[in-house]
Amino acid sequence: MIKRIPGWLIALCVFAIVAGAILTFVNPAKSYQFPPLPTPNGYTNLSKAGEMITGKVGSPDDMELDELRALVSSNATALAMVRNGLEQESCVPIQTTPAFLEYHVNDLMHLKRLAQALDCEGRLAELEGRTNDASRVYLDQIRLGYAVSSGGVMIDEMVGMALRMI
């Protein structure tokens, strides 16, 4: 035996669907306001440090001791700037403009090179027998991974996870 659906229930469902459509399409939500960024924002220093990295960075296992020394020496300013940025609160500055995506992807590539440079610095410290320094550098690399994803979107979190595992 089939039960009939009451007319008031059908009317209520139709009203809910129409009201939802009106709220969604006729009166779209205002643009999202992101929370204010910290001042100073450590992300700014990290981003600048990433842009400053020069030379061939990659896996330190593929580099000779002299190559590691030259890379770390030539990027000493950028590596010092990383530590300054890590001492500050950090938040990814997100924007909702099309141009931001292109800029941000380049920024993420620079941050990857920065993490690789830190990895090279840590490996150099290991090879020179400075185990305490190596531990500090590797911890800085992990902290960098968290700092570059703080307040960001999914791609920032994915890059942050990758930087923590380099």
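Computed from a predicted model, the values in this text were never measured in an experiment.

Caption draft 1: Layout of a nonpolar patch on the surface. A contiguous nonpolar surface patch, about 630 Å² in accessible area, is contributed by Val153, Met154, Ile155, Met158, Met161 and Met165. Classification of Met154 by relative accessible area gives exposed; the value is 65%.

Caption draft 2: Here's a closer look at the packing of helix 2 (residues 42-52) against helix 4 (residues 76-86). One can describe the packing of helix 2 onto helix 4 by two numbers: an axis separation of 8 Å at closest approach and a directional angle of 165°. Comparing their axes, helix 4 and helix 2 come out roughly antiparallel. Every pair of crossing elements has a handedness; the one defined by helix 2 and helix 4 is left-handed. The segment helix 2 lies against helix 4, with Gly42, Asn45, Leu46, Lys48, Ala49 and Met52 engaging Thr77, Ala78, Met81, Val82, Asn84, Gly85 and Leu86. Classifying every residue of the contact of helix 2 with helix 4 by side-chain character gives seven nonpolar, five polar and one charged.

Caption draft 3: The confidence of the model for the chain, seen in detail. On average, residues of the chain carry a pLDDT of 87, and 82% of them reach 70 or more. For the chain, helix 1 (residues 7-26) is the element with the lowest average pLDDT, namely 64, and helix 6 (residues 131-147) is the one with the highest, namely 97.

Caption draft 4: Inspection of the pattern of salt bridges at higher detail. A complete count under the given rule lists 12 salt bridges for this structure. Here Arg69 makes a salt bridge to Asp66, at a shortest N to O gap of 3.7 Å. Placement of both Arg69 and Asp66 in helix 3 (residues 65-74) is noted, with a separation of three residues, approximately one turn of the helix. Residue Asp66 is classed as exposed on the basis of its relative accessible area of 59%. A salt bridge links Asp140 to Arg143; the shortest N-O distance between them is 3.2 Å. With a gap of three residues between them, Asp140 and Arg143 both fall in helix 6, about one helical turn apart. Since its relative accessible area comes to 6%, Asp140 is described here as buried. Judged by relative accessible area, which is 34%, Arg143 ranks as partly exposed. In this structure, a network of salt bridges that share partners links the residues Arg83, Glu87, Glu121, Arg136, Asp140 and Arg143.

Rules used in this analysis
- Residues numbered from 1 in each chain as written.
- Predicted model: local features only at pLDDT ≥ 70, side-chain atom pairs only at ≥ 80, totals over all residues.
- Heavy atoms only, no water.
- Patch = residues over 30% accessible without salt bridge, like charges linked within 9 Å, V, L, I, M, F, W, Y side chains within 5 Å.
- Areas by Shrake-Rupley, 256 points an atom, 1.4 Å probe, with all protein chains shown as cover.
- Salt bridge = Lys/Arg side-chain N within 4 Å of Asp/Glu carboxyl O.
- Buried < 20%, exposed > 50% of the residue type's maximum accessible area, 1.4 Å probe, protein only.
- Axes fitted to C-alpha atoms, helices over the stretch in contact; angles between N-to-C directions.
- Helix = DSSP H or I, 4+ residues; strand = E, 2+ residues; numbered from the N terminus.
- Parallel < 35°, antiparallel > 145°, perpendicular 65-115°, else oblique.
- Left-handed = near helix turned anticlockwise from the far one by under 90°.
- Contact = heavy atoms within 4.5 Å.
- Nonpolar A, V, L, I, M, F, W, Y, C, P; charged D, E, K, R; others polar.
- pLDDT = per-residue confidence, 0-100.

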